[in-house]
Amino acid sequence: MTIYWLMFFVPATMALSVRSAKRSIFVLFGFILTLIIGLRYQVGGDWGSYLWQIGYHGQQTILQIFETGREPAYRMLNWIAYRAGLDVWFTNLVCALLFTAGLISFVRRLPEPFLALAVCIPYLVIVVGMGYTRQAAAIGLVLLGLNHYFRGRIILFLGYLLLAAMFHRTSVMFMAIAIVPYIQRRPVSAILLLPIAYLFYQSIIADEQDQLVRTYVESSYATSSAGGLIRLLLNACFAATFLLFRRRFALEPMSALFWFWTSVVAIVLMPIGVSLPTAADRLGVFLLPLQPFVASYLPSLVQRNQATFVRLFVLALFSLIMTVWLFMADNRFAWLPYNFWLLK
């Protein structure tokens, strides 16, 4: 448990003392996070499943991996690990690198990067990064793609999004969120973007549509997401905060529209989560970056002499969230104790 608190308190302490730092500091922290996430041993709720997938995917041919059409990038990493005589640590480490690279590049561009990083630790890093390997890699790639999106490089962003979908298909949700601001600002872009969106749907979702409905709507799994509503509520609270104060965020028009629609989706998922908690929760995972984004702007929304209090409030909130999860979550045993692969 100590390692988890260190992961939180290092950026939390920095958030109270400095507003930013040299690039090398973020690279170092990202490197350490990559090792902690990627070289974990018997940590995470799906650890047994990931071990089984190494052997299953490793015995397939490359043609079979890509014929299925379902998360081929993740399957390919497992294939390489199995054929090279490695283990699940190889796949985990590559996915951790993608996740951490996206996370660090994202928070570095926010007004208060260390505050944003501390907000990410309890759930996005510890739970998702160490428990949802495929989603974590996909989120990292989406965050890397957003760096290009906000600079107007929509084609590069779509390339990152396509790669993200090869790790987890639900990441294509960002396709819908991302193209709406472009069409709003440049209606003629619909001529290009709408056909691309259709191709994304046909190649990634269409063949699996019936299976997705059975899994996330009709089966008992559809209502088995423990804590899902709480996570959706937290997303919705940060979304509502952005919508209420968005004119004070001083964002570029494209960025403002993107976060506007991201916030709208986060709020819409809340009522959906009442009847379909698992489906809404799985989509909500990809909206988690909304929390550090909004949190990093909160100190600038108040007077300077109140900014420290806001930082303390945010850090206290996420410290409480982490405490509740570590001591009360039904599946906390899967993360405790933390074991390092090289020391197993």
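Heads up: these notes are all about the structure in this document.

Criteria and thresholds
Residues numbered from 1 in each chain as written. Predicted model: local features only at pLDDT ≥ 70, side-chain atom pairs only at ≥ 80, totals over all residues. Heavy atoms only, no water. Helix = DSSP H or I, 4+ residues; strand = E, 2+ residues; numbered from the N terminus. Rg over C-alpha atoms; globule rule 2.2 N^0.38 Å. Buried < 20%, exposed > 50% of the residue type's maximum accessible area, 1.4 Å probe, protein only. Contact = heavy atoms within 4.5 Å. Areas by Shrake-Rupley, 256 points an atom, 1.4 Å probe, with all protein chains shown as cover. Core = buried A, V, L, I, M, F, W, Y, C linked by side-chain atoms within 4.5 Å. Axes fitted to C-alpha atoms, helices over the stretch in contact; angles between N-to-C directions. Left-handed = near helix turned anticlockwise from the far one by under 90°. Nonpolar A, V, L, I, M, F, W, Y, C, P; charged D, E, K, R; others polar. 1 Å grid on protein atoms, 1.4 Å probe; cavity = no way out; pocket = protein on both sides within 12 Å on 5 of 7 lines; lining within 4 Å. Points joined across faces, edges and corners; volume = space filled by probe spheres on them.

Summing up its helical and strand segments, the protein chain has 17 helices and zero strands in all. Computed over the C-alpha atoms, the radius of gyration of the protein chain is 20 Å, within 12% of the 20 Å expected from 2.2 N^0.38 for a compact globule of 344 residues. Projected onto its principal axes, the C-alpha coordinates of the protein chain cover approximately 60 × 55 × 40 Å. Within the protein chain, the proportion of its 344 residues that are buried is 53%. Across the protein chain, the fraction of contacts at a sequence separation of at least 24, relative to all contacts at a separation of at least 6, is 75%. Approximately 15800 Å² of the protein chain is accessible, and the part contributed by carbon and sulfur atoms is 66%.

Next up on the list: helix α15 (residues 277–285). Of all nine residues in α15, eight are buried, a share of seventy percent or more. Among all positions in α15, only P277, T278, A279, A280, D281, R282, G284 and V285 are buried.

Counting residues in each nonpolar core, the largest one holds 111 residues, and the members touching the most others are Y4 and F293. Counting residues per element, this core draws most heavily on helix α7 (residues 113–131), which supplies 15 residues. Setting aside anything within four residues of it in sequence, one finds F293 in contact with F106, L110, F242, F249, L251 and W259.

At the junction of L336 and P337, the peptide bond is cis and its omega measures out at -5° in the coordinates. Position of P337 among the secondary structure elements: in the segment after α17 (304–328). The phi angle at Q42 is positive, at roughly 55°, despite the residue not being glycine. Along the polypeptide, Q42 turns up in the loop between α2 (23–38) and α3 (47–58). We classify Q42 as partly exposed; its relative accessible area is 44%. Phi is positive for A250, which is not a glycine, with a value near 50°. Inspection of the secondary structure puts A250 in the loop between α13 (228–245) and α14 (253–275). Given the relative accessible area of 72%, A250 is considered exposed.

Turning our attention to the packing of α13 against α14. Put simply, α13 and α14 touch, their axes get as near as 8 Å, and they point 145° apart. α13 and α14 meet at a crossing whose hand is left-handed. Listed contacts from α14 to L229, L232, L233, N235, A236, A239, A240, F242 and L243 of α13 are A256, W259, F260, S263, A266, I267, L269, M270, G273 and V274. For the contact of α13 with α14, the class distribution of residues is 16 nonpolar, three polar and no charged.

The next thing to look at is empty space enclosed by the protein. By the definition in use, this model includes four cavities of 30 Å³ or more. Lining the largest cavity are V119, C120, Y123, L124, L288, Q291, P292 and F318. Looking at the lining of the largest cavity element by element, the count peaks at four residues for α7. Tallied by class, residues from the lining of the largest cavity come to seven nonpolar, one polar and no charged.

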